[in-house]
Amino acid sequence: MNARSRWLMISVGLGILLNPLNSSMVSVAIPRLQNGFQLDFTVVSWVIFTFYIASAVAQPVMGRASDLFGRRKIFLTGLVIAFIASLLAPLSPNFGWLIVFRIVQSIGTSMMISVGMAIVRIHITEKQATAVSVLSIFQSGAAAIGPFIGGVLIHWWDWPGIFFVNIPFVVASFLWSWRIIPKDETPTSVERKMSFRKWLNLIDAPGILLFTVGLIALLVGILSAKSSGHVSSGYVITGLIGLVVLGAFVRHELKTASPFIPLRTFAKYPAVTWVNVQFMVVNILFYALFFGLPSYLQMVRHISEFHTGILMLTLGLCSLVASPMAGRWIDKSGPRPALLVSAILMIFGSVWIVTLNEFSPVISVCVALAAFGISNGLNNVGMQAALFKSAPKEIIGVASGLFNTSRNLGAIISSLLISIVMGDQFSFGGFRLLGVILTVIALSLVFMSWRRRESGQLEELEFRQ
């Protein structure tokens, strides 16, 4: 790999790490935001919801937009948007404006996620597998060390630090990308003549609108009822409107020629459906711990953000160490054994949470973090391998998009679960109840992994061959 290719990889890597970094740093900022804006836990949780909802919408849309407007333009525009959001978010006069800038930040960083991998695949022709694996390290590494970086920044500069830290990454990536990423090819005559209305149809704008409005209305109805402590007609109506709109979204997606989420794929390829359901459950478990444990350490155990970040580093390091070992194991035995062990580790970690009390040694928390970290490393590789083996080659692009959507939906549901269990204030009793719920979910995951023994025997025979 020549020097230009290496610099291209670095410039793109610095851009695509921003999305996982900003989604993970906020896990240690929740208590500080709650105190700073004088809000209850449920309301502050929207800083998580909005980021993942925006990512779920923006990533597939920007991937399609890059085919029309050019990958270099989308990547550089994403950097500019991320810069503006990171600069203005700390200046937010209230929490509502912080949510707005958080959404803008998610859209900007999603633009880089959507096209970064494609840029490397197109312009690096030698050792592509190595280049792609390096970009994966940028992403997984950023997510792994995000809580640690967030803890350090909040300790020294309060919550605005988790936004300002993006600026040097954005500037460096923009300057290098402007010089190194080759210019986009000239659009074809068909692309130049495409009207804005046709482009909206291409990205399925009605489907995006129905999905976003329905999901937000449903979340508002559920969370408002939980936060207020009683179920009023207004909350019920809001939740029902959300369900109706989501029903209309499903009907629309089944009929439209270019769906935002190709639901017909689920009906046509049940193996792909099963993988996505399992991956969503995996992420519900992982993100519930990822966002719940820092709040437990800070609000219940009164541990500083700095030390919380150090403890959370256990999760990321175990995940990074487990991933390459999982790759070698899965190459030999197929994905099922690794996924089964991962599910068992999640049961162990969830049960361990239930056994904790308000006076347990803080170092004992690392046991649960290590179990979930190793499990995450196994899942990152195992679920991807399961997807590749279950999805026919002709739909692998669609299947990969659904896979990322399942990850985002898992993160959204996990945040919803935490908010419902905790209500206005994060408590030790709620944290223990969360552990019980996670144990039940992890048991269902063992069933899903074990089921692959029956449904995936042919798959694993092919894998060994």
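Residues numbered from 1 in each chain as written. Predicted model: local features only at pLDDT ≥ 70, side-chain atom pairs only at ≥ 80, totals over all residues. Heavy atoms only, no water.

> Would you explain the nonpolar core in this entry?
Of all hydrophobic cores here, the largest spans 113 residues; its most connected members are Val12, Leu33, Phe75, Leu285, Tyr296 and Phe426. If you tally residues by element for this core, the top one is helix 16 (residues 270-300), at 15 residues. Ala386, Ala391, Ala399 and Phe403 belong to the second-largest nonpolar core, a separate cluster that totals 11 residues. (Core = buried A, V, L, I, M, F, W, Y, C linked by side-chain atoms within 4.5 Å. Buried < 20%, exposed > 50% of the residue type's maximum accessible area, 1.4 Å probe, protein only. Helix = DSSP H or I, 4+ residues; strand = E, 2+ residues; numbered from the N terminus.)

> Help me understand a nonpolar patch on the surface in this model?
A surface patch of nonpolar side chains, amounting to about 500 Å² of accessible area, comprises Val80, Ile84, Leu87, Leu88, Leu91 and Phe164. By residue number, the principal contributor to the nonpolar patch is helix 6 (residues 71-88), which donates four residues. Mapping Leu91 onto the fold places it in the loop between helix 6 and helix 7 (95-123). (Patch = residues over 30% accessible without salt bridge, like charges linked within 9 Å, V, L, I, M, F, W, Y side chains within 5 Å. Areas by Shrake-Rupley, 256 points an atom, 1.4 Å probe, with all protein chains shown as cover. Salt bridge = Lys/Arg side-chain N within 4 Å of Asp/Glu carboxyl O.)

> What's the story with the side chain of Glu253 in this structure? I'm lost.
With respect to the helices and strands, Glu253 occurs in helix 14 (residues 233-255). Dropping the residues within four chain positions of it, Glu253 is found in contact with Asp204, Gly207, Pro259, Phe260, Ile261, Leu263 and Arg264. (Contact = heavy atoms within 4.5 Å.)

> Where do I start with helix 1 (residues 3-16) in this structure?
Given 3.6 residues to a turn, an α-helix orients residues that are three or four positions apart in the same direction. The end-to-end C-alpha distance of helix 1 is 20 Å, a good match for the 20 Å that 14 residues give at a rise of 1.5 Å each. Here helix 1 has its buried residues at Ser5, Leu8, Met9, Ser11, Val12, Gly13, Leu14, Gly15 and Ile16. (Expected span 1.5 Å × (residues − 1).)

> How should I be thinking about the packing of helix 16 against helix 18 (residues 335-355) in this particular structure?
Geometry of a packed helix pair, given as the angle between the helix axes and the separation of the axes. Orientation of helix 16 relative to helix 18, taken along the N-to-C sense of each, is 30°, at an axis distance of 12 Å. Looking at the two axes, helix 16 sits roughly parallel to helix 18. Of the two possible hands of crossing, helix 16 and helix 18 adopt the one that is left-handed. Here Gln278, Val282, Leu285, Phe286 and Leu289 of helix 16 lie close against helix 18, whose contacting residues are Leu339, Met346, Ser350 and Ile353. Of the residues that constitute the contact of helix 16 with helix 18, the class distribution is seven nonpolar, two polar and no charged. (Axes fitted to C-alpha atoms, helices over the stretch in contact; angles between N-to-C directions. Parallel < 35°, antiparallel > 145°, perpendicular 65-115°, else oblique. Left-handed = near helix turned anticlockwise from the far one by under 90°. Nonpolar A, V, L, I, M, F, W, Y, C, P; charged D, E, K, R; others polar.)

> In this structure, what is going on with the confidence of the model for the chain? I would like to understand it.
Caution applies to low-pLDDT regions: their predicted coordinates should not be interpreted in detail. On average, residues of the chain carry a pLDDT of 83, and 88% of them reach 70 or more. A low-confidence stretch, residues 456-465 stays under pLDDT 50, and its non-local contacts, those more than four residues away or across chains, total 15 contacts. (pLDDT = per-residue confidence, 0-100.)

> Please clarify how helix 16 should be interpreted in this entry.
With 31 residues, helix 16 should reach 45 Å at 1.5 Å per residue; the first-to-last C-alpha distance of 43 Å fits that figure. Considering bend angle alone, the principal kink of helix 16 is centred on Gly292 and spans about 25°; proline Pro294 follows within four residues of it. In terms of residue burial, helix 16 counts as a mostly covered element, since 25 of its 31 residues are buried. A positive phi of about 60° marks His302, the residue just after helix 16. (Bend = angle between axes of the 7 residues up to and from the residue.)

> Even after reading the chapter, I still don't get the pattern of salt bridges, so can you show me in this structure?
A pair can form between side chains of opposite charge whenever their charged atoms are brought close. On inspection of all chains with the given rule, the structure shows two salt bridges. Close ionic contact of Asp158 with Arg32 constitutes a salt bridge, the shortest N to O distance being 3.0 Å. Note that Asp158 is positioned in the loop between helix 8 (128-157) and helix 9 (161-164) and Arg32 in helix 3 (residues 30-37), a separation of 126 residues in sequence. The class of Asp158 is partly exposed, set by a relative accessible area of 30%. Looking at Arg32, the relative accessible area reads 24%, which means it is partly exposed. Among the ionic pairs, Glu305 bridges to Arg32, the shortest N-O distance being 2.7 Å. On the criterion of sequence distance, the pair formed by Glu305 in helix 17 (residues 305-333) and Arg32 in helix 3 is long-range, its members being 273 residues apart. A cluster of three or more residues bridged by salt bridges with shared partners is formed by Arg32, Asp158 and Glu305.

> I tried to follow the state of the cysteines on my own but got confused; where do I start?
A covalent bond between the sulfur atoms of two cysteines is what we call a disulfide. Across all of its chains, the model carries zero disulfides by this definition. Cysteine Cys366 shares no disulfide, and the gap to the nearest cysteine sulfur, in Cys318, comes to 8.8 Å. (Disulfide = S-S within 2.5 Å.)

> What should I look at first to understand the packing of helix 1 against helix 7 in this one?
Running from amino to carboxyl end, helix 1 crosses helix 7 at an angle of 165°, the nearest separation of the two axes being 9 Å. One finds that helix 1 runs roughly antiparallel with respect to helix 7. Where helix 1 crosses over helix 7, the two elements pack in a sense that is left-handed. Contacts from Leu8, Val12, Gly15 and Ile16 of helix 1 reach helix 7 at Met112, Ile113, Gly116, Ile119, Val120 and His123.

> Explain the packing of aromatic side chains to me, please; I cannot follow it from the model alone.
Between two aromatic rings, the relevant description is the distance of the centres plus the angle of the planes. Inspection of every chain in the model, using the stated rule, returns 21 aromatic pairs. Aromatic side chains Phe37 and Trp159 sit 5.6 Å apart centroid to centroid with 45° between the ring planes, which places their arrangement in the tilted category. With Phe37 in helix 3 and Trp159 in the loop between helix 8 and helix 9, the pair connects residues that are 122 residues apart, well separated along the chain. A single burial state applies to Phe37 and to Trp159, both of which are buried. Pairing Phe348 with Trp352 gives two aromatic rings, centres 5.7 Å apart and planes at 35°, and the pair type is tilted. (Phe/Tyr/Trp six-rings, centres within 6.5 Å; stacked < 30°, edge-to-face > 60°.)

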